[in-house]
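# Analysis of the macromolecular model
In case you want the letters, here they are:
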Amino acid sequence: MSEAGDRLIFFWGRECPHCAKLHPVVTEVSEELAKENGRGIEEKEVWHSEENAKLMRSYGQALKKACGGSLGVPALYNERTKKALCGMRTTKEQILEWARE
Amino acid sequence: MKKLWRCNVCNDIHYGVKAPTICPTCGAKMAFTLIDYPESMKVIFDDGERLDEVDKLLEVWNKFAEGKPFKVNPDEVFVRTLAKGELENQKNHGLKYCPCRITTGDRFEDLALICPCNFFIQPVYKESGECWCGLFVKRD
């Protein structure tokens, strides 16, 4: 697991259907990355954990931009590059590129 | 700033910047007067219909989409998951927030996340023909 400030984070909601669809893709990428360099993707559920929601809000600027103006899930945030991906159309290739930057 | 108004003929309550010229319920003209929050609560009581079941939400959404350029997503399993999420958010966070968004903690900003939101202004709706969560999709 990476240290705070260097994490790749997947923010998701338990009742968000797009999150459910993207979840296996994120898991797959996370496993690939973990094998590659030991830096997998941490998962943070945001509707049932205020702590996770607060963390997500703390990255609000980048996430809102990626999510079309408001915070949304599914979303990914790279603490190292401060870059975010958001939405149901996120692909495996995009996640890999975002993680490897 | 929005204020509360009451029709002095039928006790309709309106929340808005201006009072309606014609009451949408009884048709009375120029009948609205300014009131405060406690009075509005006394008038409304707490015995209104609860939209607290998935089927009720589905009915409301279908009604909302009637005659509009969009419809409820035909994928019923998908739509029911969204409805459950909204009811969960209502239970835990007080309002039917979109389960594909997340609240900011600013109550005014978060009002924009109550479903159905004003998705017509969202770039994603313009580009893909779906609202952010996919509940409403453009008609063919």
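The structure under discussion appears in the preceding block.
Description of the structure in this document. Keep in mind the model is a prediction, meaning the values are calculated, not measured.

The number of helices and strands found in chain B is five helices and five strands. Expressed as lengths along the three principal axes of its C-alpha atoms, the size of chain B is roughly 45 × 35 × 30 Å. Split into buried and exposed, the 140 residues of chain B put 24% on the buried side.

Along the polypeptide, valine 17 of chain B turns up in the loop between β2 (13–16) and β3 (32–35). Taking the C-alpha atoms as reference points, valine 17 of chain B and lysine 3 of chain B, 14 residues apart in sequence, are found 5.9 Å from one another.

A word on helix α3 (residues 76–93) of chain B. For α3 of chain B, with 18 residues, the first-to-last C-alpha span of 25 Å sits near the 26 Å given by 1.5 Å per residue. All buried positions along α3 of chain B are accounted for by Val79, Thr81, Leu82, Ala83, Gly85, Glu86 and Asn89 of chain B. Elements that come into contact with the buried residues of α3 of chain B comprise α1 (17–37) of chain A together with α2 (54–65) and β4 (70–72) of chain B. Just downstream of α3 of chain B, glycine 94 of chain B is the residue with a positive phi angle, here 90 degrees.

What follows is about the interface of chain A and chain B. By convention, interface size is frequently given as the accessible area that disappears when the constituent parts associate. Residue-level contacts link 16 residues of chain A with 20 residues of chain B. Going through the elements one at a time, α1 and α2 (50–58) of chain A are the ones with two or more residues in the side of chain A that touches chain B. The element that contributes the greatest number of residues to the side of chain A that touches chain B is α2 of chain A, accounting for three residues. Split by residue class, the side of chain A that touches chain B holds nine nonpolar, five polar and two charged.

A few words on the pairing of strand β3 (residues 75–78) of chain A. Residues and elements named next belong to chain A. Alternating positions in β3 separate into two faces, Ala75 and Tyr77 on one and Leu76 and Asn78 on the other, with burial throughout. Two elements, strand β1 (residues 8–12) and β3, share four bridges in a ladder whose sense is antiparallel. Counted as the bridge partner of isoleucine 9 is tyrosine 77 from β3. Bridging between β3 and strand β4 (residues 83–86) involves four bridges; their strand directions are antiparallel. If you follow asparagine 78 over to β4, its bridge partner there is lysine 83.

Judged from the four bridges that link them, strand β1 (residues 3–7) of chain B and β2 of chain B form a sheet pairing that is antiparallel. Paired with lysine 3 of chain B across the strands is glycine 16 of chain B, a residue of β2 of chain B.

All names here are of chain B. As for its position among the elements, proline 116 is in the loop between α4 (107–110) and α5 (123–128). Taking the C-beta count within 10 Å as the criterion, proline 116 has 16 such neighbours and is therefore assigned partly exposed. The sequence separation of proline 116 and phenylalanine 136 amounts to 20 residues, and the corresponding C-alpha distance is 8.8 Å. Beyond its immediate chain neighbours, meaning those up to four positions away, proline 116 contacts Phe64 and Phe136.

Rules used throughout
- Residues numbered from 1 in each chain as written.
- Chains lettered and ligands numbered in written order.
- Predicted model: local features only at pLDDT ≥ 70, side-chain atom pairs only at ≥ 80, totals over all residues.
- Helix = DSSP H or I, 4+ residues; strand = E, 2+ residues; numbered from the N terminus.
- Buried ≥ 20, exposed ≤ 12 C-beta atoms within 10 Å, placed from the backbone.
- Expected span 1.5 Å × (residues − 1).
- Contact = placed C-beta atoms within 7 Å.
- Nonpolar A, V, L, I, M, F, W, Y, C, P; charged D, E, K, R; others polar.
- Pairing = 2+ DSSP bridges.

These figures capture arrangement, not role.
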